[in-house]
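Inside the fold
Take a look at the letters that make up each chain.
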Amino acid sequence: MREALDGFIGSIRIGGRMLSNLRFADDIILIRSSTAELQDLVSRVDLIGRKYNMMINIAKTKVMTPKDKNCTIKIQNIMLEQITTFPCLGSIISDNTSSK
């Protein structure tokens, strides 16, 4: 992940800190303020992963945006599924910026 982020400029402010990703075990959440930035970072992670013979599981990789916004992100020309909720560390995060 460090190699993919090398030279990458882009993050958002959450709780006073600038963040570009959240990592826990073998999960990575990429955080971006624009579709172009997200596509760039996803492509970087994919390229660096393949360099080390690691593949992103496209079937398990999802995209979520704020409610009513569409985002087309691709890995190796395959469009990722856009979702409205996802589980994260015991909470459900939703596209309306709430969590349960």
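Structural data are supplied above this passage.
This structure is a prediction, so every number in the text was calculated from the model and none was measured. All residue numbers refer to position in the chain's written sequence, counted from 1. Given that the model is predicted, a residue must reach a pLDDT of at least 70 before its local features are reported, and side-chain atom pairs must reach 80 or more before they are shown or counted; all residues, however, enter totals for whole chains, interfaces and linings. Only heavy atoms go into the side-chain values, all of them from the structure, while hydrogens and water stay out.

A few points about the overall build of the chain
Per the secondary structure count, the chain includes two helices and 10 strands. Secondary structure elements are taken from DSSP: a helix is a run of H or I of four residues or more, a strand is a run of E of two residues or more, and numbering for both begins at the N terminus. Secondary structure elements in the chain, listed N-terminal to C-terminal, are α-β-β-β-β-α-β-β-β-β-β-β. The contact criterion used is simple: two residues touch if any of their non-hydrogen atoms lie within 4.5 Å. When contacts within the chain are restricted to residue pairs at least 6 apart in sequence, those whose partners lie at least 24 apart make up 37%.

Some points on the pairing of strand E9 (residues 85-88)
Here a strand pair is declared whenever DSSP counts at least two bridges between the two strands. Here four bridges tie E9 to strand E10 (residues 91-94), and the two strands are oriented antiparallel to one another. The residue bridging Phe86 from the neighbouring strand is Ile93, located in E10. In this structure, the hairpin formed by E9 and E10 is closed by a connection of two residues, where Leu89 is found at a positive phi of approximately 50°.

Considerations on the pattern of salt bridges
Should a side-chain nitrogen of Lys or Arg be within 4 Å of a carboxyl oxygen of Asp or Glu, the pair is scored as a salt bridge. By the definition in use, this model includes three salt bridges. When the shortest N-O distance is used, the salt bridge between Asp46 and Arg50 registers 3.2 Å. With Asp46 and Arg50 both in helix H2 (residues 35-51) and four residues apart, this pair spans about one turn of that helix. Only protein chains enter the accessibility calculation, which uses a 1.4 Å probe. A residue is then buried if its area is under 20% of the maximum for its type, exposed if over 50%, and partly exposed in between. Under the relative-accessibility criterion, Asp46 is labelled buried at 5%.

Considerations on the nonpolar core
In this description, a nonpolar core means a group of buried Ala, Val, Leu, Ile, Met, Phe, Trp, Tyr and Cys residues linked to one another through side-chain atoms lying within 4.5 Å. Counting seven residues, the largest nonpolar core consists of Leu38, Val42, Val63, Cys71, Ile73, Ile75 and Leu80. The residues contacting Ile73, other than those within four sequence positions of it, are Thr35, Leu38, Gln39, Val42, Val63, Ile78, Met79 and Leu80.

Things to note about H2
How far a helix is expected to stretch is found by multiplying one less than its residue total by 1.5 Å. Across its 17 residues, H2 extends 24 Å between first and last C-alpha, which sits within 8% of the 24 Å expected from 1.5 Å per residue. Among the residues of H2, those classed as buried are Leu38, Leu41, Val42, Val45, Asp46, Ile48 and Gly49.

Quick look at the environment of Gln39
Tracing the backbone shows Gln39 in helix H2. Accessibility expressed as a relative area gives 21% for Gln39, which makes it partly exposed. Distance in space between the C-alpha atoms of Gln39 and Lys74 is 7.1 Å, their sequence separation being 35 residues.

As for the environment of Glu81
Within the fold, Glu81 resides in strand E8 (residues 81-82). Overall, the relative accessible area of 45% leaves Glu81 in the partly exposed class. When the C-alpha atoms of Glu81 and Lys60 are compared, they prove to be 9.0 Å apart, with 21 residues separating the residues in sequence. The contacts of Glu81, once residues within four sequence positions are left out, are Thr61, Lys62 and Val63. We define a polar contact as two N or O atoms separated by no more than 3.5 Å, with the added condition that, inside protein, one atom must be a possible hydrogen donor and the other a possible acceptor, whereas residues neighbouring each other in sequence contribute only through side-chain atom pairs. Only 2.8 Å separates the side chain of Glu81 from the side chain of Lys62, close enough to count as a polar contact.

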